[in-house]
Amino acid sequence: MDIRFVTAGSGEVVAVMAGEGGELFGAGKALDSASGGRIAKAMKAAGFKGGAGQVVDVLAPDGVDFSRVLVIGVGKAEAADGMGVERWAGHAVKRTLTAVEKLVLQPDALPGVAIAEAGAHAAMGARLASYRFDTYRTKLKPEQKPTLQAVEIVLAHTAAAKARAEVDAAIVEGVFFARDLVSEPPNVLYPESFAERLRDLETIGVEVEILEPTAMEKLGMGALLGVAQGSARPARLVAMKWNGSSMKKQKPFAIVGKGVTFDTGGISLKPGAGMDEMKGDMGGAAAVAGAMKAIALRKAKANVVGIVALVENMPGSNAQRPGDIVNTMSGQTIEVLNTDAEGRLILADAVWYAQDKYDPVALVDLATLTGAVIVALGHEHAGMCVNDEDLAHAISAAGAAEGELVWRLPLSAAYDKLIDTPNADMKNIAGKPVAGSIVGAQFIKRFVQDGTPWAHLDIAGTATKAGPYDDPLSPRGRQAMACVC
Ligand code: BES
Ligand code: MN
Ligand code: ZN
């Protein structure tokens, strides 16, 4: 889809904003007066209140060059932010994606959003809403196929919005990469094939290193390999490096992702109902991969290393058993009491490897780690556990700005104690089903070295949004992008 910034738009369909109470702004007012008040009349007749996402579709108004005017609510104008503008544009694209070839967006400045910003956010929203994953739908009817080729965004001055939108376009490429990875079925996307897709990032300047099981064995990654051993599909650990800083020797920022390409639970088998959702248990790895793609495409002036641990968690005659004790690269031993608490096992080795090999300035891990985080926070906030105040604030602020919210959960010695066991250095679950998400984080923390600023994001609830979510920016439930880039 082509996005253009123009000073005057033309085409079949135009979208304008309206605030709470059905108040039209500059662009809408101009169209309304050109139509002799027909637009305001239609809004009144429809009982339009201007709520966010509410739409009035005005057909063939006289005196206007467009054959359709979409009036789309942004809610209270004073409270609207950049994300509100993105959703506004997203609703317009959702309405037109399979209906027309060209859409014109006429954003207005809002009390909290300057016009250039509004233009850039409109472009971002239009792009995000255009996402589709139709790879395996061979029988789409013509009316189900996207037709929208171009979106024109009308602004009196286009330069500032255009500059911002270029960076955003790179971010959207990263988001779509992550969404594609999450959407792929688990018979297509497994550790080896996932690693091969990451290899493609070399074409945009990312250094990609793929470790196979023999190399991991040499490094002592017994926890990661223990999870993988029940599967016919061998594990992979992939390191993606972007060296964009002007100081080439600058230590990198590390992001580490859980990539369980399918989580059956292993011998601690999950119930059958809904198990297909566990194809998304690589959402953390997808977010890391997407972030690396975005960082490279926007040529970020930063050194970043992305590391993903890729395994399939299967039961079988060679699967690990509850009660097994495994060695980790760090030298610490783990008693595996539940093979379904596998994410923390693979992260134990991946997080250690990231520090050992890259000595990062800070480390963020992303993982669909616990069902408990969905109980606590639903699909609205990711859970965050963090050992550094600056990092905590930076992630919270970035998340708020991008509509990828995080909510902090505590860490403490009392929670840490819950994973002590007399049989090894630690066990992979607490003795009782309490504070599941925090216990998962405390486990990973045992593999974070003193002095490494670290944050753990549990994205089990936000990586995929099943159910009745009407977010135009995440079509068909797929999200999978975190706020780290
Ligand atoms: N992949 C799951 C967590 C999950 C659940 C992600 C629902 C997305 C949706 C994880 O590996 C898991 O099974 N966690 C267990 C941990 C427990 C055994 C301590 C859980 O949450 O039940
Ligand atoms: Mn599991
Ligand atoms: Zn899992």
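Residues numbered from 1 in each chain as written. Chains lettered and ligands numbered in written order. Predicted model: local features only at pLDDT ≥ 70, side-chain atom pairs only at ≥ 80, totals over all residues. Heavy atoms only, no water.

A.B. asks: What is the right way to read the sheet that holds strand β17 (residues 426-427) from this model?
C.D. replies: Sheets are built from strands that pair by backbone hydrogen bonding, the pairs being arranged parallel or antiparallel. Read across the sheet, three strands follow the order β12-β13-β17 without closing on themselves; strand pairing throughout is mixed. Unpaired on one side and paired on the other, β12 (324-327) and β17 mark the two borders of the sheet. As defined by bridge partners, strand β13 (residues 333-336) adjoins β17 across two bridges and the pair is classed as parallel. For Ile 334, the partnering residue across the bridge sits in β17 and is Met 426. (Pairing = 2+ DSSP bridges. Helix = DSSP H or I, 4+ residues; strand = E, 2+ residues; numbered from the N terminus.)

A.B. asks: Just to check I follow, could you spell out the coordination of the manganese ion (ligand 2) for this structure?
C.D. replies: Under perfect tetrahedral coordination by four donors, a metal shows angles of 109.5 degrees; under perfect octahedral coordination by six donors, it shows angles of 90 or 180 degrees. Asp 263 (OD), Asp 340 (O), Asp 340 (OD) and Glu 342 (OE) make up the full set of protein donors to the manganese ion (ligand 2), lying at 2.1 to 2.2 Å. In this structure, the manganese ion (ligand 2) is surrounded by six donor atoms whose angles at the metal cover 71 to 168°, and the resulting shape is irregular. Mapping the donors of the manganese ion (ligand 2) onto the primary sequence gives the spacing D-x76-D-x1-E. Between the manganese ion (ligand 2) and the zinc ion (ligand 3), both coordinated by Asp 263, there is a metal-metal distance of 3.1 Å. On the criterion of sequence distance, the pair formed by Asp 263 in strand β10 (residues 253-263) and Glu 342 in the loop between β13 and α10 (343-358) is long-range, its members being 79 residues apart. The burial state of Asp 263 is the same as that of Glu 342; both residues are buried. (Donors = N, O, S within 2.8 Å, 3.2 Å for Na, K, Ca; no water. Tetrahedral: all angles 85-135°; square planar, octahedral: opposite > 155°, others 65-115°. Buried < 20%, exposed > 50% of the residue type's maximum accessible area, 1.4 Å probe, protein only.)

A.B. asks: Before we go on, may I ask you to explain the pairing of strand β9 (residues 236-243) in this structure?
C.D. replies: The two faces of the sheet receive side chains in turn, since in a regular strand these alternate between them. Among the eight residues of β9, six are classified as buried, and the element is accordingly described as predominantly covered. As paired strands, strand β8 (residues 207-211) and β9 are joined by five bridges and run antiparallel to one another. Bridge assignment links Ile 210 to a residue of β9, and that residue is Val 238. Here β9 pairs with strand β11 (residues 303-313) via eight bridges, running antiparallel. Each bridged residue has a counterpart across the sheet, and for Lys 241 the counterpart in β11 is Val 305.

A.B. asks: Looking at this model, I keep getting lost on the coordination of the zinc ion (ligand 3). Mind explaining?
C.D. replies: Around the zinc ion (ligand 3), the protein supplies Lys 258 (NZ), Asp 263 (OD), Asp 281 (OD) and Glu 342 (OE) as donor atoms, at distances of 2.0 to 2.4 Å. Note that the zinc ion (ligand 3) binds six donor atoms; their angles at the metal cover 78 to 175°, and the shape is octahedral. Motif for the zinc ion (ligand 3), donor spacing along one chain: K-x4-D-x17-D-x60-E. A relative accessible area of 3% means that Asp 281 is categorised as buried.

A.B. asks: Honestly, the side chain of Gln 442 in this entry has me stumped. Any pointers?
C.D. replies: Its location among the elements puts Gln 442 in helix α14 (residues 436-445). Apart from residues lying up to four places away in sequence, Gln 442 is in contact with Leu 411, Ser 412, Tyr 415, Asp 416 and Ile 419. (Contact = heavy atoms within 4.5 Å.)

A.B. asks: Hey, could you run me through the packing of α10 against α14 in this one?
C.D. replies: For any two helices packed against each other, one specifies the crossing angle of their axes together with the interaxial distance. Remark: α10 packs on α14, axes separated minimally by 9 Å, with the N-to-C direction vectors making an angle of 30°. Looking at the two axes, α10 sits roughly parallel to α14. For the pair α10 and α14, the crossing hand works out as right-handed. Facing α10, whose interface residues are Arg 344, Leu 345, Leu 347, Ala 348 and Val 351, α14 presents Val 439, Gly 440, Phe 443 and Ile 444. Here the residues of the contact of α10 with α14 sort into seven nonpolar, one polar and one charged. (Axes fitted to C-alpha atoms, helices over the stretch in contact; angles between N-to-C directions. Parallel < 35°, antiparallel > 145°, perpendicular 65-115°, else oblique. Left-handed = near helix turned anticlockwise from the far one by under 90°. Nonpolar A, V, L, I, M, F, W, Y, C, P; charged D, E, K, R; others polar.)

A.B. asks: How do you make sense of the nonpolar core when you look at a structure like this?
C.D. replies: Here is a general trend for soluble globular proteins: nonpolar side chains tend to be buried in one another's company. Formed by 48 residues in total, the largest nonpolar core has its most connected members in Leu 224, Leu 237, Ile 307 and Ile 334. Residue assignment for this core shows that the elements contributing at least two residues are α8 (222-228), β9, β10, β11, β13, α10, β14 (362-367) and α14. Counting residues per element, this core draws most heavily on α10, which supplies ten residues. Non-local contacts of Leu 237, meaning those with residues more than four positions away in its chain, are made with Glu 209, Ile 210, Leu 211, Met 216, Met 221, Leu 224, Ile 307, Val 308, Ala 309, Ala 350 and Tyr 353. Judged by nonpolar contacts, the second largest core, of 43 residues, contains Val 208, Ala 287, Ile 395 and Val 406. (Core = buried A, V, L, I, M, F, W, Y, C linked by side-chain atoms within 4.5 Å.)

A.B. asks: Whenever I open this one, the sheet that holds β8 confuses me. Can you help?
C.D. replies: Pairing in this open sheet of eight strands is mixed, and the strands run β8-β9-β11-β10-β14-β18-β15-β16 from one edge to the other. Edge strands, defined here as strands with exactly one partner in the open sheet, are β8 and β16 (405-408). Across the sheet, the mean angle from the axis of one strand to that of its neighbour is 20°, orientation sign disregarded. Sheet topology note: the strand β15 (residues 381-386)/strand β18 (residues 454-458) ladder contains four bridges and is antiparallel.

A.B. asks: What am I meant to see in the domain arrangement of the chain here?
C.D. replies: For the chain, the assigned domains read domain 1 (2-161) and domain 2 (189-458). Look at where the C-alpha atoms of domain 1 and domain 2 centre, and you get two points 40 Å apart. (Domains from an automatic or database assignment.)

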